[in-house]
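Read off the chains here:
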Amino acid sequence: MKYSLRKTPSHLHLTYKYGEANGGLLGRNLVLEVEGNVLTLEVDLSGNLLARNKQSAWYLDAVGLSTNYHKLKSLQCPDNLVRARLIRVWEGMQEPKLRMRLVLNPRGRYLYEVAPHSLFMGGIQLDVQAFLEEESETTPTETEATSPETEAAPMAEADPHRKHA
């Protein structure tokens, strides 16, 4: 069963391991999927990649997440409505397990096992316990996807001295 926690944008704050820079993203369509005692919070972050300004903080943080997804330490959502709806479902279950899926199309979908913590000033923090690589969909980065062989072929075709019929 799926529960919509929030459809409109909500600001999210991400922290990474090893002292890496923190990121702020907008999450849309926060949905809680319930299967048995497993709750999966799905957050769509794809809109951050649609920015016209490729130097904007949201775009750069989304690209940063797509390369550092395995280093994610926690995600904070200061939205009290999301917190209240998540807690309502959480408290109605016996031995619930929480997972979080971050959707960053077309760069991937990342699934984590998380532990929730209510924040003192409202909102919720999800601490990453494990990255579930086998259930995630990752795409290779641009540097991994292009090899010297594939780069040489377009160069030969783009030769300005070549005559066209």
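Residues numbered from 1 in each chain as written. Predicted model: local features only at pLDDT ≥ 70, side-chain atom pairs only at ≥ 80, totals over all residues. Heavy atoms only, no water.

Caption draft 1: Representation of the overall build of the protein within the structure. Tallying secondary structure elements over the protein gives four helices and nine strands in all. Reading the helices (α) and strands (β) of the protein from amino to carboxyl end gives β-β-β-β-α-β-α-β-β-β-β-α-α. Here the contacts in the protein between residues at least 6 apart in sequence split such that 61% fall between residues at least 24 apart. In the form shown here, the protein has an accessible surface area of approximately 10,300 Å², with 52% of it arising from carbon and sulfur atoms. (Helix = DSSP H or I, 4+ residues; strand = E, 2+ residues; numbered from the N terminus. Contact = heavy atoms within 4.5 Å. Areas by Shrake-Rupley, 256 points an atom, 1.4 Å probe, with all protein chains shown as cover.)

Caption draft 2: Up close: unusual backbone geometry. Proline 106 follows asparagine 105 through a cis peptide bond whose omega is 5°. Among the secondary structure elements, proline 106 is positioned in the loop between β6 (97-104) and β7 (108-118). Phi at asparagine 29 is positive, roughly 50°, even though this residue is not glycine. Tracing the chain through its elements places asparagine 29 in strand β3 (residues 23-35).

Caption draft 3: Molecular detail of helix α2 (residues 80-91). With twelve residues, α2 should cover 16 Å at 1.5 Å per step; its first-to-last C-alpha distance of 16 Å lies within 8% of that length. Regarding α2, the residues found buried are Val82, Leu86 and Val89. Mapping the buried residues of α2 onto a view down its axis gives an arc of 65°, with all of them on the same face. Exposed positions of α2 whose direction lies more than 90 degrees from the buried face are Arg88 and Glu91. Elements in contact with the buried residues of α2: β1 (2-6), β3, β4 (38-44), β5 (72-77), β6 and β8 (124-131). In this structure aspartate 79 caps α2, since a side-chain oxygen of it lies 2.8 Å from the backbone nitrogen of leucine 81. (Expected span 1.5 Å × (residues − 1). Buried < 20%, exposed > 50% of the residue type's maximum accessible area, 1.4 Å probe, protein only. Arc of directions from axis to C-beta. Polar contact = N/O pair within 3.5 Å; in protein donor to acceptor, adjacent residues only side chain to side chain.)

Caption draft 4: Examining the side chain of threonine 40 more closely. Mapped onto the fold, threonine 40 is located in strand β4. At 3.4 Å, the side chain of threonine 40 forms a polar contact with the side chain of arginine 99.

Caption draft 5: The packing of aromatic side chains, seen in detail. Following the criterion strictly, the structure yields three aromatic pairs and no others. Here tyrosine 69 and phenylalanine 131 contribute two aromatic rings whose centre-to-centre distance is 5.3 Å and whose plane-to-plane angle is 50°, an arrangement assigned as tilted. Note that tyrosine 69 is positioned in the loop between α1 (57-68) and β5 and phenylalanine 131 in strand β8, a separation of 62 residues in sequence. Taken together, the aromatic side chains of Tyr69, Tyr110, Tyr112 and Phe131 make up a single cluster linked through ring pairs. (Phe/Tyr/Trp six-rings, centres within 6.5 Å; stacked < 30°, edge-to-face > 60°.)

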